[in-house]
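# Observations on the three-dimensional arrangement
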2 protein chains.
Amino acid sequence: MNIQKSSADLYAAYKETTQKAADLNNASAVLGWDQEVYMPAKGFEVRGRQLATLASLAHEMLTSEAYGNQLQELAGRGDLADDEKRNVELSLEDYNKNKKLSAAFVEAITQQTSASYNAWIQSRKENKFSIYAPELDKMIQLKKQQASMYGYESNPYDALLDEYEKGASVALLDSVFGDVKQQLPVLLDKIKTAQQVNDSFFLRNYPKQAQWDFSMDVLRAMGYDFEAGRQDMSEHPFTTSFAPTDVRVTTRVDENNYSSLLWSSIHEGGHALYEQGLPIEQYGLPLGAAASLGIHESQSRLWENNVGRGKQFWHHFYPNLQQYFPQQLNDVSIEAFYKGMNKVEPSLIRTEADEVTYHFHVMIRYEIEKGLMNGDLFTEDLPEAWNGLYNKYLCVSAQDDKTGVLQDVHWAHGSFGYFPTYSLGSFYAAQFYQQAAKEMPTLTDDIANGTLLGLREWLRGKVHQYGRRYTSEELCKQITGMGLDFKVFMQYAHEKYAGIYGF
Amino acid sequence: MNIQKSSADLYAAYKETTQKAADLNNASAVLGWDQEVYMPAKGFEVRGRQLATLASLAHEMLTSEAYGNQLQELAGRGDLADDEKRNVELSLEDYNKNKKLSAAFVEAITQQTSASYNAWIQSRKENKFSIYAPELDKMIQLKKQQASMYGYESNPYDALLDEYEKGASVALLDSVFGDVKQQLPVLLDKIKTAQQVNDSFFLRNYPKQAQWDFSMDVLRAMGYDFEAGRQDMSEHPFTTSFAPTDVRVTTRVDENNYSSLLWSSIHEGGHALYEQGLPIEQYGLPLGAAASLGIHESQSRLWENNVGRGKQFWHHFYPNLQQYFPQQLNDVSIEAFYKGMNKVEPSLIRTEADEVTYHFHVMIRYEIEKGLMNGDLFTEDLPEAWNGLYNKYLCVSAQDDKTGVLQDVHWAHGSFGYFPTYSLGSFYAAQFYQQAAKEMPTLTDDIANGTLLGLREWLRGKVHQYGRRYTSEELCKQITGMGLDFKVFMQYAHEKYAGIYGF
């Protein structure tokens, strides 16, 4: 006797498994947060095995035959609610993708991640790419293998891009970075030949506690909910979420360089608002997760750059900041402060780059990754290729590997295809912000008054509440009426820097 | 074809499952620690489901038929190493015990814990036992049911005691508390009729940071490894372990009552030294876990009372403490400080009780639990029974339920059989400390010089390194040549308080 389960029962069973796997992954996130923020040194080794156990159990749940059958069965049911249907579609997509990787492959790449990461650490200590190269090369071979396991139409790199940004492809990125390559150097040249701005006041001594307190003020003003989150210190700032009701940010303080803490807090705050704005009733399900890395980055960069490096924002906050740092800032006018924080200058380190040169850093990594995956470039060529591209696009040369090819951890983690989402985030942010200003005529006035909640609500309504319902492109079209369009960013940047550099 | 697996392979498989379950339980401990120490308020609900998922997965692993068969098979193998054999024996014991509870029962008691706990919170708010009574009664019925599921020889309460202190029984405790009841009141009477000591200087204002700093000094001196642990603040002090390489303590600060922080830090430090001293190579296995709650408590109380409330300890530390609090303590001699910290006074609240009256508090709970489990006492009788016993043993009467029967959370959690381990811990501590002094003739001099590492090493060698290899009684016999013996505590207490109160 074969009794057919009701769709409601089937969906409940699917939901239970999916949410249990999310519980495991969120528990991992708590352990990961603790590891970066509070864990004592000797805890490292055992923490590693605890994280591995949680990850493998979650993976088992989400790749079991039973789970796959459930999803197949549900996908054929016509009587699911809209949200349910979309969750099932997305989970089935994830399942099919997960199933393409064998358990042995997942194990191999996990082990290689650890080996590559250790080699990366070691090579940075000794400032020698050659120590990293063999382990990085093994990772690259595994990623090529992964691309062919996933399958692709025209380009192996497409298969990897898809993991971070569904729908992104070499075709799309070649077109976007083609525009970048053509238009951004023109702007950069104008800036270079203009009167330079002064940002030396950032290097005065800014006491830690006051930096911290002001960052807390700004997070509060952004509408970051401290009853559903907290800020801590860590070596590298990050945002992590255990549920929309518990989303945490971290920051770091350099007492002799104020330019780092503040915008990193706003940046992470932007990520955190997205996570806090995801629908709690979809906890653990696709509709309860962020759309993509690019969209995530659009939220952090919109707050960091479009808002936090904007004139209006400081109209309200600069007097407040001056109260925290009367000695350090009494001879710095708001105009000088605004210009200083937006100084554009080609440099070697991506994470310290300004809004304009940043995209050259990303493009360089994109071109290298594409070359590696398509077989046009090999591991041993990396330092030379790296330096060649930096010379070509930014006219700077790394003095050593540490400030060159060894600066990012991403490849050690196997994250090929991740970098482009940083630029996509900025470009989407420009489009979203432009749209927000269109729809909210008082936006700039509100920001100038320190009233940021309207923008947060707009982003909730337009982006956060949908989770993974739409791809980045669909979401962008739905919000702005068109897909990704570099010219909006270009226009924003041109206008902003023309004002600052006077051209 | 039935190929027999080698014992090495079988043991490896057993070890893997057991350690994976430990990974889950330790991950739960991290989540629990975070919940008490750093979690924002709104995180509570989802954290609850995450903890439930981790617990149920660990439970599934450790109660699966396959795991049971593995253990049975291993138990029959003659070619295991000593440690391996003992791990298998203990895991099989745990397995058989776990299997006696049905999944439905485990679920029911988990839910009742939450219901009872909420009712307890509510009843404390309104200071009314009647709010708590119905939910507590349900818990009591479940615990009776649990006792009969476990099975027992003469007394249902025995089955519950065994969970916290293997081998403990009503027979043993009736005998111990029989001695307590007979001998301790004699001491208490002598103290009551002597000249009372003054401890009012504890109620001066002691700034938070200095309290914290001194507690860190003391933890360091005890040999608590801060590279394998950390101290944080929480509402109720506790110790938690994620592995011997990551064992954390918490404390709390009351600026207007210095008597709380310091000894709670030493107490938790004692627990933490035990956990840090467990053998890391037995991670997740029975030989890597503490022997029992009574032995755990022996470690915390030995450090808190035998060391931390002793004269020698302050010979070294009091000048140091006076430097932290020059104004607060400049008119308090070391003698007065020593007497003040050891003031004996019958009171209503267990957690604030001194070393002498503490055991009356425990005995009262023991008698009540025994009565409830054996059907001699009923939930609705609790307030009356409670007050009757407090009057009888300590000549004090609670003015309300909050300072009476509602003061402890244990019963809400279903922890019947837990309280007696507090007294057992003190009694074992007296025996261990006496033995340590015998074996280390310089012990008191060392302590007077602030040299505490010798004692830590002695405890590592005698207690910590063995994990669960021996029961409490076996361990006590092995260390001291005899089992639990209240007269050692009695002798210690008589000598100490005769000195303080001059009789």
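Thresholds applied
- Residues numbered from 1 in each chain as written.
- Chains lettered and ligands numbered in written order.
- Predicted model: local features only at pLDDT ≥ 70, side-chain atom pairs only at ≥ 80, totals over all residues.
- Helix = DSSP H or I, 4+ residues; strand = E, 2+ residues; numbered from the N terminus.
- Rg over C-alpha atoms; globule rule 2.2 N^0.38 Å.
- Buried ≥ 20, exposed ≤ 12 C-beta atoms within 10 Å, placed from the backbone.
- Pairing = 2+ DSSP bridges.
- Expected span 1.5 Å × (residues − 1).
- Axes fitted to C-alpha atoms, helices over the stretch in contact; angles between N-to-C directions.
- Least-squares fit on C-alpha atoms with pLDDT ≥ 70 in both.
- Contact = placed C-beta atoms within 7 Å.
- Nonpolar A, V, L, I, M, F, W, Y, C, P; charged D, E, K, R; others polar.
- Domains from an automatic or database assignment.
- Parallel < 35°, antiparallel > 145°, perpendicular 65-115°, else oblique.
- Core = buried A, V, L, I, M, F, W, Y, C linked by C-beta atoms within 7 Å.

Turning to the overall build of chain A, a few remarks are in order. A count of helices and strands for chain A gives 21 helices and 3 strands. For 503 residues, the compact-globule estimate of 2.2 N^0.38 gives 23 Å, and chain A sits close to it at 23 Å. Referenced to the eigenvectors of the C-alpha coordinate spread, the extents of chain A come out at roughly 85 × 50 × 50 Å. Within the span of chain A, comprising 503 residues, buried residues form 42% of the whole.

All names here are of chain B. Taking burial as the measure, the 6 residues of strand E3 (residues 246–251) include 6 buried ones, the bulk of the element. Taken together, the 3 bridges between strand E1 (residues 231–233) and E3 define a ladder with parallel strand orientation. Across the sheet, Gln 231 pairs through a bridge with Val 249, a residue of E3. Direction of pairing for strand E2 (residues 239–243) relative to E3: antiparallel, over a ladder of 4 bridges.

Attention now goes to helix H10 (residues 258–277) of chain A. If you check H10 of chain A, its first and last C-alpha atoms are 29 Å apart, about what 20 residues at 1.5 Å a residue would give, namely 28 Å. Burial within H10 of chain A is extensive, with 18 of its 20 residues counted as buried.

All names here are of chain A. In spatial order, the strands read E1-E3-E2; together these 3 strands make up an open sheet with mixed pairing. For this open sheet the edge positions go to strand E1 (231–233) and strand E2 (239–243), each flanked by a neighbour on one side alone. Neighbour to neighbour, the strand axes of the sheet diverge by 25° on average, direction disregarded.

Residues and elements named next belong to chain A. Here Asn 127, not a glycine, exhibits a phi torsion of approximately 55°, which is positive. Turning to its location among the elements, Asn 127 is positioned in the loop between helix H5 (103–126) and helix H6 (129–150). Residue classification places Asn 127 among the partly exposed residues on the basis of 14 C-beta atoms within 10 Å.

Another aspect to go through is the relation of the copies chain A and chain B. Mapping chain A onto chain B calls for a rotation angle of 180° and an axial translation of 0.1 Å; the resulting RMSD is 0.1 Å. When the rotation and shift are considered jointly, the pair of chain copies conforms to a two-fold rotation axis. Taking C-alpha positions as reference, the residue of chain A nearest the rotation axis is Ala 27 of chain A, located at 3.5 Å. When the interface residues of chain A are mapped onto chain B, 100% of them are again interface residues, pointing to one common binding face.

Counting from both sides, the interface comprises 31 residues of chain A and, opposite them, 31 residues of chain B. Listing elements by their share of the side of chain A that touches chain B, those giving two or more residues are helix H1 (7–37), helix H2 (44–63) and E2 of chain A. Tallying contributions element by element places H1 of chain A first for the side of chain A that touches chain B, with 8 residues. Of the residues belonging to the side of chain A that touches chain B, the class tally is 16 nonpolar, 6 polar and 9 charged.

All names here are of chain B. Pairing in this open sheet of 3 strands is mixed, and the strands run E1-E3-E2 from one edge to the other. Edge positions in the sheet fall to E1 and E2, since each has one partner strand and no second. On average, adjacent strands in this sheet sit at an angle of 25° to one another, irrespective of strand direction. Against the sheet, helix H1 (residues 7–37) engages E1, E2 and E3, with an angle of about 145° to E2. Most of the contacts of helix H10 (residues 258–277) go to E3, to which it runs at about 170°, and overall it touches E2 and E3.

Time to look at the domain arrangement of chain A. Residues and elements named next belong to chain A. Annotation of chain A at the domain level lists domain 1 (7–154) and domain 2 (200–342 + 426–501). Placing the centre of domain 1 and that of domain 2 at their C-alpha centroids yields a distance of 29 Å. Each partner contributes to the interface: domain 1 provides 16 residues, whereas domain 2 provides 16 residues. Of all elements in the fold, only H1 and helix H4 (82–99) reach the threshold of two or more residues within the side of domain 1 that touches domain 2. With 11 residues, H1 is the single largest residue contributor to the side of domain 1 that touches domain 2. Split into classes, the residues belonging to the side of domain 1 that touches domain 2 amount to 6 nonpolar, 6 polar and 4 charged.

Bringing the packing of helix H7 (residues 156–164) of chain B against helix H15 (residues 358–374) of chain B into the picture now. The relative placement of two packed helices comes down to the angle between their axes together with the axis-to-axis distance. Residues and elements named next belong to chain B. At a minimum axis distance of 8 Å, the contact between H7 and H15 shows a crossing angle of 125°. Accordingly, the angle class assigned to the pair H7 and H15 is oblique. Residues Pro 156, Tyr 157 and Leu 160 of H7 touch H15, and the partners they reach there are Glu 369, Lys 370, Met 373 and Asn 374. A class-by-class count of the residues in the contact of H7 with H15 yields 4 nonpolar, 1 polar and 2 charged.

It is worth spelling out the environment of Val 186 of chain B at this point. Its place among the elements puts Val 186 of chain B in helix H8 (residues 170–193). C-alpha of Val 186 of chain B to C-alpha of His 494 of chain B: the two residues are 308 residues apart in sequence and 9.9 Å apart in space.

Moving on: the pairing of E2 of chain A. Counting buried positions over the 5 residues of E2 of chain A gives 5, a clear majority of the element. Hairpin connection, E2 of chain A to strand E3 (residues 246–251) of chain A: the antiparallel pair is bridged by 2 residues.

So, on to the nonpolar core. Core analysis: the largest hydrophobic core is formed by 104 residues, its most contacted members being Val 356, Met 363 and Tyr 428 of chain A. In this structure Tyr 428 of chain A touches Gly 294, Ile 295, Ser 298, Ser 472, Cys 476 and Leu 484 of chain A, once residues within four positions along its chain are discounted. In terms of nonpolar packing, the next biggest core, distinct from the first, is built from 102 residues, Leu 173, Ile 295, Trp 386 and Tyr 497 of chain B among them.

Here we take up the environment of Val 362 of chain A. Residues and elements named next belong to chain A. Within the fold, Val 362 resides in helix H15 (residues 358–374). Between the C-alpha atoms of Val 362 and Thr 421, which are 59 residues apart in sequence, the distance is 8.9 Å. Excluding anything up to four places from it in sequence, Val 362 contacts Phe 419, Pro 420, Tyr 422 and Ser 423.

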